[in-house]
Amino acid sequence: MTRTVVVTGGGTGIGYAVAAAFAEQGAHVYITGRREPVLAEARSRLGDGVSTVVCDATDPDQIEALRDQLPTTVDVLVNNAGGNRDLDGPGPGAPQLGAVGLSGQGPRTPDNLHALAAAWRANLEGNLVSAVLMTAALDKQLAPGGAVVHIGSFAADRGAGSYGAAKAGLNSWNLFLARQLGARDITSNVVSPGYIADTEFFRDRNGQQFHEARVAETMNGRAGYPEDIAGAVVFLASPAARHVTGQVLNVNGGALTTR
């Protein structure tokens, strides 16, 4: 039976790799994102088993419109849309916020409290509220035996400012969601990447020195790649993981360890 999979932010990077992995299994994959040309390019490479819907995962109206374009049953929802909005840089006239580094250094606090509030809200909405809204919108379509998988970050445990706080909130909310969905035989888990190369996440800040420093933090001496995260997502959505729920699965090469 063909599964229906929805991947938010599926046009590039981790989302694209996740969509590709499910498409290779024969699932019908719906990828969403804000940029229509990016989605169109992704679909041309992924093939006929993939559909695209332009949708900003922070916009309730767009999410409701997306819901109406999906099948009545969704087997897997992957909340991948997000990113560190501090890395986008300030708008015209806004105070410089700086970048959140993987070392745990947060952005410099702006003097303007309105700018500080806007910066925090952007990361909370983009990384936490977006997942909450998308999951709530598709709740009635989620099928028994299905799975919800959220893409988190090891920044949640490294003190990385508003981005880390948003991802920590995602981990906590996942526990609440797993309890709610468990009675319907639906699992909910977080895949928490470490440093992942070959994505748009760091914009133009991902130079050779930065790359080498991040690789040096790992135990296996290499960067992560989108396919590493896709493999973990596919596992959590598979029959082999039916008794795995309410968990955070770290995929970071040992850069951040758990007990």
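What you are looking at is a predicted structure, and each value in this text was computed from that prediction instead of being measured. (Residues numbered from 1 in each chain as written. Predicted model: local features only at pLDDT ≥ 70, side-chain atom pairs only at ≥ 80, totals over all residues. Heavy atoms only, no water.)

### Let's talk about the overall build of the chain
So, step 1. A tally of regular secondary structure across the chain gives seven helices and seven strands.
So, step 2. Listed by position from the N terminus, the elements making up the chain come as β-α-β-α-β-α-β-α-β-α-β-α-α-β.
So, step 3. For the chain, with 259 residues in total, the buried portion stands at 47%.
So, step 4. Pairs at least 24 residues apart make up 70% of the contacts formed inside the chain by residues separated by at least 6 positions.
So, step 5. A total accessible area of about 12,200 Å² is found for the chain, and carbon and sulfur atoms account for 51% of it. (Helix = DSSP H or I, 4+ residues; strand = E, 2+ residues; numbered from the N terminus. Buried < 20%, exposed > 50% of the residue type's maximum accessible area, 1.4 Å probe, protein only. Contact = heavy atoms within 4.5 Å. Areas by Shrake-Rupley, 256 points an atom, 1.4 Å probe, with all protein chains shown as cover.)

### Things to note about the pattern of salt bridges
So, step 1. One pass over the structure, following the stated rule, counts six salt bridges.
So, step 2. Across the pair Asp-185 and Arg-242 runs a salt bridge whose closest N-O atoms are separated by 3.2 Å. Taken together, the positions of Asp-185 in the loop between helix 5 (161-182) and strand 6 (187-193) and Arg-242 in the loop between helix 7 (226-236) and strand 7 (248-251) put the pair 57 residues apart, joining distant regions of the chain.
So, step 3. Here Asp-185 falls in the partly exposed class, since its relative accessible area comes to 42%.
So, step 4. Accessibility expressed as a relative area gives 25% for Arg-242, which makes it partly exposed.
So, step 5. Taken together, the shared-partner salt bridges connect Arg-158, Arg-214 and Glu-217 into one network. (Salt bridge = Lys/Arg side-chain N within 4 Å of Asp/Glu carboxyl O.)

### Comments concerning the environment of Gly-231
So, step 1. Counting through the fold element by element, Gly-231 comes out in helix 7.
So, step 2. In this structure the C-alpha to C-alpha distance between Gly-231 and Val-18, which are 213 residues apart in sequence, comes to 7.7 Å.

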